[in-house]
Amino acid sequence: MNILAKIIRYQIHDISRSMWLIIYTLFFLLTSYGLISFSNNIPKVLVSLMNITLIIIPMVSIIFGTIYLYNNKDYVVLMLSQPIKRTVLYFGLYLGLVIPLAFSFVIGISIPLILSGKNWLEHIAVIVYLFTSGVFQTIIFVSIAFLISIVNENRILGLGLSIFIWLCFAVLYDGMLLLIIEFFQDYPLEKMLIGFLFFNPIDLARILIILKLDVAALMGYTGAVFQKFFNTEWGIILSLSSLTIWSIVPLLIGKSKFLKKDF
Amino acid sequence: MIEISNLSKNFGALEAIKNLSVKIQQGSITYLVGPNASGKTTLIKSILGLVKPSSGSITINKERLNGNHEYRSKIGYMPQVASFPDNLAVQEIFSMIKNLREGFVDYDEELINLFKLEKEKNKRLKNLSGGTKQKVNAAIAFLFNPEILILDEPTAGLDPVSSSILKDKIVSENKRGKTIIFTSHILSELEELAKEVIFLLEGQIRFNGTIEELINSTSKHNLERAIASIMKGD
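Residues numbered from 1 in each chain as written. Chains lettered and ligands numbered in written order. Predicted model: local features only at pLDDT ≥ 70, side-chain atom pairs only at ≥ 80, totals over all residues. Heavy atoms only, no water.

### Some remarks on the interface of chain A and chain B
No. 1: Contact with chain A, which involves 29 residues of that partner, is made by 33 residues of chain B.
No. 2: Together, the buried faces of chain A and chain B total about 2800 Å²; carbon and sulfur atoms form 57% of this surface.
No. 3: On the chain A side of the interface with chain B, the three residues burying the most area are Tyr10(A), Arg17(A) and Pro83(A), jointly 23% of the side's total.
No. 4: Put simply, chain A and chain B have two salt bridges between them.
No. 5: The shortest N-O distance in the salt bridge between Arg17(A) and Glu92(B) comes to 2.9 Å.
No. 6: Here chain A and chain B share 17 residue pairs in polar contact (both at pLDDT 80 or more) between them. (Contact = heavy atoms within 4.5 Å. Buried area = accessible area lost by both parts, 1.4 Å probe. Salt bridge = Lys/Arg side-chain N within 4 Å of Asp/Glu carboxyl O. Polar contact = N/O pair within 3.5 Å; in protein donor to acceptor, adjacent residues only side chain to side chain.)

Structure, rendered in structure tokens:
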């Protein structure tokens, strides 16, 4: 087994015993179980789950990721004093956090679905998209969290910044778009709005599922425009590739900062 | 041999180390002393590659440090503060550290036995006291029989019994030819352990030599007063 896999393995050992991860898994289990019990309409359940996960996953990923790196600073120093490459340690820490977080989300959602005995298999495509978008959110927001805590020595500032960034993407961004629409309603804004869409990974993930479900009205103004502008296939390809860019860019910037950092 | 030449390190406007040059001979025990923020930890961390120098060079056994990592297999490092992932057990930490260096078999587990860490092996690290964590930290530094041992305040937080175990270990490893660098604020440790002294002040070397030379150079009678007089800048 190579060193990267070993670092990841021990980190998964550590995180999977953490109280926070257990609460996180339980949250998905209970939410998923609750929604399925209330409704026989699986697509509706999936839309509700999507709305919840698109708030919760970015929040937990970015906050947990930031705190994790701050709390383990001395452990990072210990590992760096071993004959290990910095790049390997960086990806080890990152994947060691992303894998358990993504795993507990997928497990938490899928167990109640499978046990419910309802016709979830008919909607397997949507479920796969739900998982894909949730995993993308984990990947993206953990890498933003890593970037923040590598760049900021001050943990209060770092944590504040994490919460602020989450708030921006999850809440303020859509509000800002609505304000723009309100102010400039006399102008043709559609194309510009589509441009704005790519700057918010949460919106991108939402579009991914909604396009698949054909319920454009549920995704707000930007989503409605998006579906009108692109047909489903192109929309999905475009949103997936933008999510990939969102996953790679902060991670690589974080890596280059990590390589240069003084510990 | 560790050779540091013209090393400087700035943290923004702050100059932590200014144009510092020093040679540390193989098999010596060197005591790195200086007031707070004099650059001791920065110097140690530069040798470990944790801090990237602004200018100058460090070579260890003729190998120049340039972001490489293999050389660190020759160094055992005991940081000032030990911290490990909260939810791992003591034995998992040891097996992890061992796992990271495949092919190494000649472990030095003397400290694990002397500190009686065996009975703590199933405890999670978050439940350990600060002193026990420090013992784990020390045991890891010595685990791979490294040629060079860098100990940052090694006895801080240890009880007198453990502290003397560690000091005995330092002396016996030095007799076997290991190079040892350590920092400490406890002056009596210096007289007991070290032969060489490097005195840092504001990122520069104020004194480098043996203890006797240090005492003679300040015309004081004992070590504590000699160091105090250098600190005051007499």
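From this point on, the discussion continues.
### Things to note about the pairing of strand β4 (residues 55-60) of chain B
Residues and elements named next belong to chain B.
No. 1: Sheet topology places strand β1 (residues 2-11) next to β4; five bridges connect them, and they run antiparallel. Along β4, the bridge assignment pairs Glu3 with Thr59.
No. 2: Of the strand pairs in this sheet, β4 and strand β5 (residues 63-64) are connected by two bridges, and their pairing is antiparallel. By the bridge assignment for β5, Ile60 is matched with Glu63.
No. 3: Count of turn residues in the β4/β5 antiparallel hairpin: two residues, of which Asn61 carries a positive phi of about 45 degrees. (Pairing = 2+ DSSP bridges. Helix = DSSP H or I, 4+ residues; strand = E, 2+ residues; numbered from the N terminus.)

### Here's the deal with the environment of Phe105(A)
No. 1: Relative to the helices and strands, Phe105(A) is located in helix α5 (residues 86-116).
No. 2: Other than its neighbours up to four places away in sequence, Phe105(A) contacts Phe28(A), Thr53(A), Ile57(A), Leu130(A), Phe131(A), Gly134(A) and Val135(A).

### So, the packing of helix α1 (residues 3-16) of chain A against helix α2 (residues 90-99) of chain B
No. 1: It is at 10 Å that the axes of α1(A) and α2(B) come closest, and there the two elements cross at 170 degrees. In terms of their interaxial angle, α1(A) and α2(B) are classed as roughly antiparallel. Of the residues in α2(B), those touching α1(A) at Lys6(A), Arg9(A), Tyr10(A) and His13(A) are Glu92(B), Ser95(B), Met96(B) and Asn99(B).
No. 2: Within the contact of α1(A) with α2(B), the residues separate by chemical class into two nonpolar, three polar and three charged. (Axes fitted to C-alpha atoms, helices over the stretch in contact; angles between N-to-C directions. Parallel < 35°, antiparallel > 145°, perpendicular 65-115°, else oblique. Nonpolar A, V, L, I, M, F, W, Y, C, P; charged D, E, K, R; others polar.)

### Looking at unusual backbone geometry
All names here are of chain B.
No. 1: Residue Asn61 is not a glycine yet carries a positive backbone phi of 45 degrees.
No. 2: Turning to its location among the elements, Asn61 is positioned in the loop between β4 and β5.
No. 3: With a phi angle near 75 degrees, Lys62 is a residue other than glycine that sits in the positive phi range.
No. 4: Mapped onto the fold, Lys62 is located in the loop between β4 and β5.

### Looking at the sheet that holds strand β6 (residues 75-78) of chain B
Residues and elements named next belong to chain B.
No. 1: Reading across the sheet, the six strands line up as β6-β7-β8-β3-β9-β10 and stay open at both edges, with mixed pairing between neighbours. Among the strands making up the open sheet, the edge pair consists of β6 and β10 (204-210). Going across the sheet, the axis of each strand differs from the next one's by a mean of 15 degrees, ignoring polarity.
No. 2: Here helix α4 (residues 130-142) sits on the sheet in contact with β6 and β7 (148-152), set at roughly 170 degrees to β6.
No. 3: Each of β3 (29-33), β6, β7 and β8 (179-183) touches helix α5 (residues 160-175); the most contacted strand, β8, lies at about 145 degrees to it.

### Notes on the packing of α5(A) against helix α6 (residues 124-151) of chain A
Residues and elements named next belong to chain A.
No. 1: The contact between α5 and α6 brings their axes to 10 Å, and the two run at 150 degrees. Classified by the angle between their axes, α5 and α6 sit roughly antiparallel to one another. Where α5 crosses over α6, the handedness of that crossing is right-handed. Note on element contacts: α6 touches α5 through Ile127, Leu130, Phe131, Gly134, Val135, Thr138, Ile139, Val142, Ser143, Phe146 and Ile150, opposite Tyr90, Leu93, Tyr94, Leu97, Val98, Leu101, Ala102, Phe105, Val106, Ile109, Ser110 and Leu113.
No. 2: Of the residues that constitute the contact of α5 with α6, the class distribution is 19 nonpolar, four polar and no charged. (Left-handed = near helix turned anticlockwise from the far one by under 90°.)

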